[in-house]
Amino acid sequence: MLTETQSPVQDPTMAGQQPLLLGRGLTKRYGKVVALDNCDFDLYPGEILAVIGDNGAGKSTLIKAVSGAVIPDEGDVFLDGQKVSFRSPTEARQAGIETVYQTLAMSPALSIADNMFMGRELRRPGVMGEWLRMLDRPRMEKFAREKLTELGLMTIQNINQSVETLSGGQRQGVAVARAAAFGSKVIILDEPTAALGVKESRRVLELILDVKSRGIPIILISHNMPHVFEVADRIHVHRLGRRLCVIRPQNHTMSDAVAYMTGARVPDTEFETA
Amino acid sequence: MSGTDNFEAVVKERRTEAVAEFHEDKTLIRRFQNALHAAPSLVPLIVLLVSVLLFAGLVGSRFFSAGTLTLILQQVQLVGIVAAAQTLVILTAGIDLSVGAIAVLSSVIMGQFAFRYGIPVPLSILCGLGAGTILGMINGWLVAVMKLPPFIVTLGTWQIILATNFLYSANETIRAQDIEANAPALQFFAQTFKIGADENGRGGATFTYGVIFMILLIAVLSYALRSTAWGRHVYATGDDPDAAQLSGVNVRATLISVYALSGLICAFAGWALIGRIGSVSPTSGAELNIQSITAVVIGGISLFGGRGSIWGALFGALIVGVFSLGLRLLGVDPQWTFFFIGLLIIVAVAVDQWIRKVAA
């Protein structure tokens with residue numbers, strides 16, 4: 001999966017820093033539709049990068065291309081300066097890229113602990129685990145409880161209650177906690193507040209800032225401009241299958257951003273300094 | 001899109017109430033609903049105990065004796081084994097209509113290999129078990145890789161396997177006496193032992209190896225479903241296959257393993273079928289399909305997948321067994337059995353829907 005290729009030059013405005021995750025010349029076609037058109041992408045350590053764009057601009061395809069859910073037709077993805085080519089989300093996950101999907105990808109009938117460890121269950125040590133493949137429930141429950149506590153979600157009393165008994169915000173919280181627990185390099189959040197009420201959105205935004213404060217960079221895909229402008233360090237504006245520009249929220253208004261992404265206005269430069 | 005809305009600011013400042021708050025519901029009905037949600041085989045267990053007590057009261061000691069109760073176990077052993085296979089498939093939100101056909105063809109292969117070709121009996125049995133597994137894998141491949149609906153796939157393979165069964169066996173039955181004389185291992189599951197019988201061997205509890213096998217099988221599967229990663233993946237696949245796939249479950253491998261295991265269990269049921277009827281008959285076992293689905297549904301396992309306990313399937317099979325024997329001992333028209341089983345099915349599905357509402 002990993003090769004020794006060095007990554008190409010980073011964008012000049014972040015001089016001195018090496019991008020953690022970057023894509024160069026990413027192209028993906030679905031029949032005659034070009035979802036990604038020679039698209040570039042950069043994510044720097046410790047930042048929250050928002051990705052905005054109109055419906056059908058190719059945001060999701062871009063995110064899927066860097067998280068292994070879609071294999072690009074052309075172009076390269078680099079993680080930590082090393083070329084990677086993920087063939088599945090599982091491979092990306094093993095490399096430390098966790099994605100919280102809009103649908104959350106949780107099994108409603110199973111417990112919180114079961115869901116957090118889905119696909120990477122812990123087994124008991126010794127004969128019980130080796131031969132009888134017995135799950136180490138106490139260890140998984142303890143870990144799940146710790147992770148939820150770290151993110152201030154420990155008003156959850158019973159780690160064994162099924163996910164379907166949680167509210168939308170709680171589910172989102174568990175999904176973010178799962179990503180934060182295992183995502184050692186990058187966490188991708190796809191529309192985390194789209195299905196939530198006002199109060200629950202607030203909580204999730206706080207959660208995102210919590211995760212950021214622990215040094216893990218976040219890619220945030222959202223349609224909600226107030227949320228994007230509140231938490232993002234940089235905003236990647238996606239238009240017609242490629243990166244139109246990367247702006248900093250303090251230099252622009254929300255209507256600027258919307259104007260760029262709908263094509264009503266053209267940005268002055270592709271990158272800007274802080 | 002003009003700035004942060006005011007209500008957002010208000011919420012931001014007044015963060016007194018916790019969002020992620022959990023409280024227990026105190027009403028009795030809600031508690032009961034939650035208990036059922038956590039232990040879905042509770043309902044069939046209660047129904048089973050109540051129906052045993054009911055018939056004990058109506059029929060008396062003729063019903064409520066070790067002999068009669070273990071007779072029920074013997075009568076449901078086949079359905080119980082097949083229902084275990086059916087449970088696995090239904091937990092993945094599928095259905096296996098070919099269970100009966102696989103069981104019969106496997107039993108015919110065991111018999112014909114031993115008698116027609118003179119292959120050593122243990123080897124013939126292995127061939128039968130292998131055939132069942134392969135047939136199950138074919139089902140699994142069609143469902144998981146070709147993405148065909150399980151109902152259609154197994155409706156097709158049911159006919160194909162049954163036809164193969166008749167063509168291959170030339171509709172020929174291997175007589176019980178011949179099996180007893182030449183290949184007693186084929187009747188292994190019919191061997192019995194007694195507990196608590198008098199010195200003449202009468203009365204007491206009678207267990208066949210088939211009954212023991214059924215209980216062991218369900219215990220082992222229950223462990224695998226509850227306490228191994230594979231079991232969690234089976235539930236997750238049935239619950240929401242896309243979510244399972246995205247969280248790292250190999251849905252395709254899980255489905256194929258489930259159908260293959262179902263085929264293997266059905267082949268064991270075929271072996272037990274020889275023990276039950278004594279002979280190898282290509283026309284036997286036709287009712288196993290519907291009986292197994294009935295047991296699973298009465299056992300509180302959701303046809304929509306991802307919910308239920310395999311013990312429920314055993315309880316479901318036993319409920320049917322208790323009703324049929326109990327009503328027969330009462331001397332009632334056997335049609336009443338079907339009448340009550342039909343009612344139970346509808347009640348069971350209604351209860352399943354009610355339990356799901358815990359989520360709301």
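Quick note: structure is the one above.
Quick caveat: nothing in here was measured; it's all calculated off a predicted structure.

Trainee: How do you make sense of empty space enclosed by the protein when you look at a structure like this?
Mentor: Over the atoms a probe the size of a water molecule is rolled, and this reveals where empty space is left. The full count for this structure, using the stated rule, is four cavities of 30 Å³ or more. Along the walls of the largest cavity sit 13 residues, with Arg93, Glu98, Thr99 and Arg178 of chain A together with Ser247 of chain B positioned nearest its centre. Of all the secondary structure elements, the ones that give two or more residues to the lining of the largest cavity are β6 (97–100) and α6 (168–182) of chain A. Residues that form the lining of the largest cavity fall into these classes: seven nonpolar, two polar and four charged.

Trainee: So what exactly am I meant to see when it comes to the pairing of strand β8 (residues 218–221) of chain A here?
Mentor: Looking along a regular strand, one sees side chains alternate from face to face of the sheet. All names here are of chain A. Burial along β8 is two-sided: Ile218 and Leu220 and Ile219 and Ile221, pointing in opposite directions, are all buried. As judged from the four bridges shared by strand β3 (residues 48–53) and β8, these two strands associate in the parallel manner. For Ala50, the partnering residue across the bridge sits in β8 and is Leu220. Relative to β8, strand β7 (residues 186–190) is paired through four bridges, and the arrangement is parallel. Its bridge partner being in β8, Leu189 is matched across the sheet by Leu220. Read from β7 through helix α7 (residues 198–213) to β8, the crossover connection turns out right-handed.

Trainee: For this particular structure, what's the right way to read the side chain of Arg307 of chain B?
Mentor: By secondary structure assignment, the location of Arg307 of chain B is in the loop between α13 (288–298) and α14 (310–330). For Arg307 of chain B, a relative accessible area of 14% gives the class buried. Here Glu164 of chain A takes part through its side chain, which lies 2.9 Å from a polar atom of the side chain of Arg307 of chain B. For Arg307 of chain B, the contacting residues outside a window of four places in its chain are Ala109 and Glu164 of chain A together with His37, Leu91, Tyr235, Asp239, Gly300, Ile301, Ser302 and Arg356 of chain B.

Trainee: Please explain the packing of aromatic side chains as it appears in this structure.
Mentor: One pair of aromatic rings is described through two measures. These are the centre distance and the angle between the planes. By the definition in use, this model includes 19 aromatic pairs over all chains. Relative to Phe213 of chain B, the ring of Phe189 of chain B has its centre 5.1 Å away and its plane inclined at 50°; by these criteria the two rings are tilted. Remark: Phe213 of chain B occurs in helix α9 (residues 209–227) and Phe189 of chain B occurs in the loop between α8 (176–182) and β1 (192–195); sequence separation between them is 24 residues. Judged by its relative accessible area of 18%, Phe213 of chain B falls in the buried class. Measuring from centroid to centroid gives 6.1 Å for Trp336 of chain B and Phe340 of chain B, while their planes differ by 35°, and the two rings are tilted. Taken together, the residues Trp336 of chain B and Phe340 of chain B, both in helix α15 (residues 335–356) and four residues apart, mark about one turn of the helix. By the ring-pair criterion, three or more aromatic residues cluster together here, those being Phe188, Phe189, Phe193, Phe207, Tyr209, Phe213, Phe268 and Trp271 of chain B. A cation over a ring is seen here: Arg120 of chain A above Phe182 of chain A, with NZ or CZ 3.8 Å from the ring centre. Taking the ring centre of Tyr168 of chain B as reference, the NZ or CZ of Arg116 of chain B above it sits at 4.7 Å.

Trainee: Honestly, the packing of α9 of chain B against helix α10 (residues 229–239) of chain B in this entry has me stumped. Any pointers?
Mentor: Describing two packed helices takes the angle between their axes plus the distance from one axis to the other. Residue and element names in this part refer to chain B. Where α9 meets α10, the closest approach of the two axes is 5 Å, and the angle between their N-to-C directions is 75°. With respect to α10, the axis of α9 lies roughly perpendicular. Together, Ala224, Leu225, Arg226 and Ser227 of α9 and Ala229, Trp230, Gly231, Arg232, Val234 and Tyr235 of α10 make up the contact between the two elements. Its residues assigned to classes, the contact of α9 with α10 comprises six nonpolar, two polar and two charged.

Trainee: What should I look at first to understand the nonpolar core in this one?
Mentor: Phe63, Ile81 and Leu186 of chain B are the most contacted members of the largest nonpolar core, which totals 93 residues. Ranked by residue count, the leading element in this core is helix α4 (residues 66–91) of chain B, at 14 residues. Apart from the residues lying within four places of it in its own chain, the contact partners of Phe63 of chain B are Val52, Phe55, Ala56, Thr68, Leu69, Ile72, Val322, Gly326 and Leu329 of chain B. Within the second largest apolar cluster, 36 residues are counted, among which are Ile48, Met106, Leu151 and Ala177 of chain A.

Rules used throughout
Residues numbered from 1 in each chain as written. Chains lettered and ligands numbered in written order. Predicted model: local features only at pLDDT ≥ 70, side-chain atom pairs only at ≥ 80, totals over all residues. Heavy atoms only, no water. 1 Å grid on protein atoms, 1.4 Å probe; cavity = no way out; pocket = protein on both sides within 12 Å on 5 of 7 lines; lining within 4 Å. Points joined across faces, edges and corners; volume = space filled by probe spheres on them. Helix = DSSP H or I, 4+ residues; strand = E, 2+ residues; numbered from the N terminus. Nonpolar A, V, L, I, M, F, W, Y, C, P; charged D, E, K, R; others polar. Buried < 20%, exposed > 50% of the residue type's maximum accessible area, 1.4 Å probe, protein only. Pairing = 2+ DSSP bridges. Right-handed = clockwise from strand over helix to strand, strands pointing away. Polar contact = N/O pair within 3.5 Å; in protein donor to acceptor, adjacent residues only side chain to side chain. Contact = heavy atoms within 4.5 Å. Phe/Tyr/Trp six-rings, centres within 6.5 Å; stacked < 30°, edge-to-face > 60°. Lys NZ or Arg CZ within 6 Å of the ring centre and 35° of its normal. Axes fitted to C-alpha atoms, helices over the stretch in contact; angles between N-to-C directions. Parallel < 35°, antiparallel > 145°, perpendicular 65-115°, else oblique. Core = buried A, V, L, I, M, F, W, Y, C linked by side-chain atoms within 4.5 Å.

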